[in-house]
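Examining the three-dimensional arrangement
Listed below are the residues making up each chain.
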Amino acid sequence: MKFKKVSSYLLLVVLFSTTIAMAQHTVINTPPEVSPMPMKPEMTEIWEPQVSVITPAKKLGDAPSDAIILFDGKNMDQWVSQKDVTKPAAWKIVNNDYMEVVPDAGGIQTKMQFGDCQLHIEWSAPDVVIDGGQWRGNSGVFFQNRYELQVLDSYNNRTYSNGQAGSIYKDHPPLVNAMKTPLEWNTYDVVYRAPRFKANGLIDAPARITVFHNGVLVQNNTTINGLTLYSGLHNYPSSHGDDVISLQEHGCKTQFRNIWLRKL
């Protein structure tokens, strides 16, 4: 008898608690007048976080306020020798304006390391045309010290398409040849996305690159297939993080100026 009284008491407690809980929540059991509900303009407005403010350059091609200046003609403090990274870069500065490759001195590389970035660099082939093919103003810009954007005087200079100016060397030819004459300066404006690797070291997403050569699109979000190799298929043999940007010495007196970078 006592057991029945206790059970009845517990049942009343449960019913009372449920009633209170239901009273605290509005139960909607009718559909909205319009389904789905109409969108309001403010539903798609993003206010936070605010977009960072930078100061763009007054002259197109010059560095914006948030850029890292890698070379402005004054010194080569941001660069070291690739033959011996404890030593300064052995290329020469001409007229406090541009740097010129010193043949047999070896390539140079930045002191800082980078991954995703926007890079601006201006370059010129030697003024005097001495040779042809791959010996005509040959150099290269290496991202993460591995993936080469080719530098070459491709003005009236036939060579293999994935080895001319604007190519991802031995990987992708440029969409067009936008080369200026040897007496003029060329520009590369590059957006580079570094490769991503899985925890086990295998490639997850390959590097990608967009290149404007003298304002003309020559690489359109191009997939880089791996390490730049002179011989053999390109691949990603091992994972890596940020690394230096390097400029190649190929025995030609190629010239560079106005180099700046934005980390992305």
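Preceding block: the structure.
Figured I'd write up the structure that's included with this text. (Residues numbered from 1 in each chain as written. Predicted model: local features only at pLDDT ≥ 70, side-chain atom pairs only at ≥ 80, totals over all residues. Heavy atoms only, no water.)

Right, let's get into the overall build of the protein. The secondary structure content of the protein amounts to 1 helix and 15 strands. Over its C-alpha atoms the protein spans a radius of gyration of 30 Å, topping by over 25% the 18 Å that the globule rule assigns to 264 residues. Along the longest, intermediate and shortest principal axes, the C-alpha atoms of the protein span 110 × 40 × 35 Å. When contacts within the protein are restricted to residue pairs at least 6 apart in sequence, those whose partners lie at least 24 apart make up 64%. (Helix = DSSP H or I, 4+ residues; strand = E, 2+ residues; numbered from the N terminus. Rg over C-alpha atoms; globule rule 2.2 N^0.38 Å. Contact = heavy atoms within 4.5 Å.)

Among the nonpolar cores identified, the biggest contains 39 residues, and Trp79, Met99, Phe143, Tyr192, Leu247, Phe256 and Ile259 are the most heavily contacted of them. For this core, the secondary structure elements donating two or more residues are strand S1 (68-71), strand S6 (117-124), strand S7 (139-143), strand S8 (147-151), strand S9 (186-193), strand S12 (208-213) and strand S15 (255-263). The dominant element in this core, judged by the number of residues it contributes, is S6, at 4 residues. Ignoring sequence-local partners within four residues, the contact set of Phe256 consists of Phe71, Trp91, Tyr98, Met99, Val101, Ile121, Glu122, Trp123, Ser139, Val151, Trp185 and Leu247. (Core = buried A, V, L, I, M, F, W, Y, C linked by side-chain atoms within 4.5 Å. Buried < 20%, exposed > 50% of the residue type's maximum accessible area, 1.4 Å probe, protein only.)

Further remarks concern unusual backbone geometry. The peptide bond linking Glu48 to Pro49 adopts the cis configuration, its omega dihedral lying at -5°. A positive phi angle, near 55°, is found at Gln144, a position not held by glycine. Among the structural elements, Gln144 can be located in the loop between S7 and S8. Exposure remark for Gln144: the relative accessible area of 2% places this residue in the buried category. One non-glycine residue, Asn221, lies in positive phi territory at about 50°. Within the secondary structure, Asn221 sits in strand S13 (residues 216-223). A relative accessible area of 40% means that Asn221 is categorised as partly exposed.

Before going further, it helps to spend a moment on the environment of Asp153. Relative to the elements of secondary structure, Asp153 occurs in the loop between S8 and S9. On the basis of relative accessible area, Asp153 is assigned to the buried category, the value being 1%. When the C-alpha positions of Asp153 and Trp135 are compared, they lie 8.8 Å apart, and in sequence the two are 18 residues distant. Those residues in contact with Asp153, other than ones at most four positions away along the chain, are Ala125, Val129, Arg136, Gly137, Met179 and Pro182. A distance of 3.1 Å separates a polar side-chain atom of Asp153 from the backbone nitrogen of Tyr155. (Polar contact = N/O pair within 3.5 Å; in protein donor to acceptor, adjacent residues only side chain to side chain.)

What follows concerns the sheet that holds strand S14 (residues 246-247). Pairing in this open sheet of 5 strands is antiparallel, and the strands run S2-S5-S14-S7-S8 from one edge to the other. Strand pairing shows two members of the sheet lacking a second neighbour, strand S2 (79-81) and S8, which therefore form its edges. Relative to S14, strand S5 (residues 108-110) runs antiparallel, the two sharing 2 bridges. Within the sheet, the bridge partner assigned to Gln109 lies in S14 and is Ser246. (Pairing = 2+ DSSP bridges.)

Pairing analysis gives 5 bridges linking S12 to S13, with the strands arranged antiparallel. Along S13, the bridge assignment pairs His213 with Val216. In textbook terms, the turn of a hairpin is the stretch between consecutive antiparallel strands, and for S12 and S13 this stretch comprises 2 residues, one of which, Asn214, has a positive phi near 55°.

For the coordinates displayed, the defined rule picks out 6 salt bridges. As a salt-bridge pair, Arg196 and Asp116 come within 2.9 Å of each other at their nearest N and O atoms. Taken as a pair, Arg196 in strand S10 (residues 196-197) and Asp116 in the loop between S5 and S6 lie far apart in primary sequence, 80 residues in all. The residue Asp243 makes a salt bridge to Arg146 at a minimum N-O spacing of 2.9 Å. Highlighted residues: Asp243 in the loop between S13 and S14 and Arg146 in the loop between S7 and S8, separated in sequence by 97 residues. Judged by its relative accessible area of 22%, Arg146 falls in the partly exposed class. (Salt bridge = Lys/Arg side-chain N within 4 Å of Asp/Glu carboxyl O.)

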